[in-house]
Amino acid sequence: MMGTVLKPLASRPVDLYPAEVAAEIDHLNDWIYKEIANGSYKAGFSSNQETYETAYKTFFAALQKLDEEVLSKSAFLAGDHVTEADIRLFPALFRFDPIYYSRFKLNQSFLWEYPNVWTWMSRMMNLEGMEPVSNAAYLRHCKQGYFGRTGNGTVPVGPLGYPECYKSPSPPFAKQS
């Protein structure tokens, strides 16, 4: 929709849905939604242990696939340029370490443990125009909503360093050898 119907409203000529990779974008969008974006919610809002564990395993298998099979081959999901698929993936991964890791109990690993995903996050964060939609105030807002509130009304303070750390191509938390 952003690359077709809303394209005439764009202030800059950006094609997020190029015809030559449209089928790949559609495939990626479906996979991202089922296993990562909605997959995180399936774990976070699960009503029983079995549902949670199934969603947990699916989510981390998808991150592994994203790192090893998708982002190891190109700068962005469908090639060398940002597409609709990258835009769809970004919110879930932007929120992952500071919110989903603890609140959705998706605590197997952090994004910096997936080097190609981390590099992709850095590329996304450094795109022109990302600051208004990927800043600390936005993360605070997410923490105050249903992602972060506990029964007593407290909002998580940490983890520290987000979202600034996403802008670095090298994970600042990784162990140096």
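As shown above, the structure is provided for reference.
Below: a short report on this structure. Note that the coordinates shown come from a computational prediction; the quantities given were computed from them, not determined experimentally. (Residues numbered from 1 in each chain as written. Predicted model: local features only at pLDDT ≥ 70, side-chain atom pairs only at ≥ 80, totals over all residues. Heavy atoms only, no water.)

1. What to know about the overall build of the protein
Inference 1: Looking only at helices and strands, the protein has five helices and zero strands in total.
Inference 2: Going residue by residue from the N terminus, the α and β elements of the protein occur as α-α-α-α-α.
Inference 3: Evaluated residue by residue, the protein yields a buried proportion of 41% over its 177 residues.
Inference 4: Sequence separation of 24 or more characterises 70% of the internal contacts of the protein that already satisfy a separation of 6 or more.
Inference 5: Split by element, the accessible area of the protein, about 9900 Å² in all, is 55% carbon and sulfur. (Helix = DSSP H or I, 4+ residues; strand = E, 2+ residues; numbered from the N terminus. Buried < 20%, exposed > 50% of the residue type's maximum accessible area, 1.4 Å probe, protein only. Contact = heavy atoms within 4.5 Å. Areas by Shrake-Rupley, 256 points an atom, 1.4 Å probe, with all protein chains shown as cover.)

2. What to know about the side chain of Ser122
Inference 1: Residue placement: Ser122 occurs in helix H4 (residues 115–125).
Inference 2: Of the residues examined, Ser122 reaches a relative accessible area of 6% and is grouped as buried.
Inference 3: Excluding its chain neighbours within four sequence positions, the residues that come into contact with Ser122 are Tyr166, Lys167, Ser168 and Pro169.

3. Quick word on the nonpolar core
Inference 1: One finds Ile36, Leu66, Leu77, Leu93, Leu106, Leu111 and Trp120 to be the most contacted residues of the largest nonpolar core, which totals 49 residues.
Inference 2: Only helix H1 (22–44), helix H2 (49–70), helix H3 (84–103), H4 and helix H5 (136–144) provide two or more residues apiece to this core.
Inference 3: When sequence neighbours within four positions are dropped, the list of residues in contact with Leu93 reads Ile36, Leu63, Leu66, Leu111, Val117, Trp120, Met121 and Tyr166. (Core = buried A, V, L, I, M, F, W, Y, C linked by side-chain atoms within 4.5 Å.)

4. Topic: the packing of H2 against H3
Inference 1: The geometry of H2 relative to H3 is characterised by a closest axis approach of 14 Å and an angle of 110° between their N-to-C directions. In terms of their interaxial angle, H2 and H3 are classed as roughly perpendicular. For the pair H2 and H3, contact is made by Phe59, Phe60, Leu63 and Leu66 and by Leu89, Leu93 and Phe96, respectively.
Inference 2: Across the contact of H2 with H3, the residue classes break down as seven nonpolar, no polar and no charged. (Axes fitted to C-alpha atoms, helices over the stretch in contact; angles between N-to-C directions. Parallel < 35°, antiparallel > 145°, perpendicular 65-115°, else oblique. Nonpolar A, V, L, I, M, F, W, Y, C, P; charged D, E, K, R; others polar.)

5. Some words on a nonpolar patch on the surface
Inference 1: Nonpolar side chains collect at one region of the surface, where Val5, Leu6 and Leu9 lie side by side and expose about 310 Å² of accessible area between them.
Inference 2: Tracing the backbone shows Leu6 in the segment before H1.
Inference 3: The class of Leu6 is partly exposed, set by a relative accessible area of 34%. (Patch = residues over 30% accessible without salt bridge, like charges linked within 9 Å, V, L, I, M, F, W, Y side chains within 5 Å. Salt bridge = Lys/Arg side-chain N within 4 Å of Asp/Glu carboxyl O.)

6. Considerations on the packing of aromatic side chains
Inference 1: Under the counting rule described, the total for this entry stands at 18 aromatic pairs.
Inference 2: Taking the centre distance of 5.9 Å and the plane angle of 25° together, the rings of Tyr41 and Phe45 count as stacked.
Inference 3: In this structure Tyr41 comes out as partly exposed when scored by relative accessible area, which is 23%.
Inference 4: On the basis of relative accessible area, Phe45 is assigned to the partly exposed category, the value being 46%.
Inference 5: Plain terms: the ring middles of Tyr100 and Phe104 are 4.5 Å apart, the flat faces sit at 15° to each other, and that makes the pair stacked. Each member of the pair, Tyr100 as well as Phe104, carries the same accessibility label: buried. (Phe/Tyr/Trp six-rings, centres within 6.5 Å; stacked < 30°, edge-to-face > 60°.)

7. Remarks on the pattern of salt bridges
Inference 1: For the coordinates displayed, the defined rule picks out three salt bridges.
Inference 2: Between Arg88 and Glu84 there is a salt bridge; the shortest N-O distance is 3.2 Å. Here Arg88 pairs with Glu84, and both are found in helix H3, just four residues apart, close to one helical turn.
Inference 3: When the shortest N-O distance is used, the salt bridge between Lys167 and Glu131 registers 3.4 Å. With Lys167 in the segment after H5 and Glu131 in the loop between H4 and H5, this pair connects stretches of sequence that are 36 residues apart.
Inference 4: Overall, the relative accessible area of 45% leaves Glu131 in the partly exposed class.

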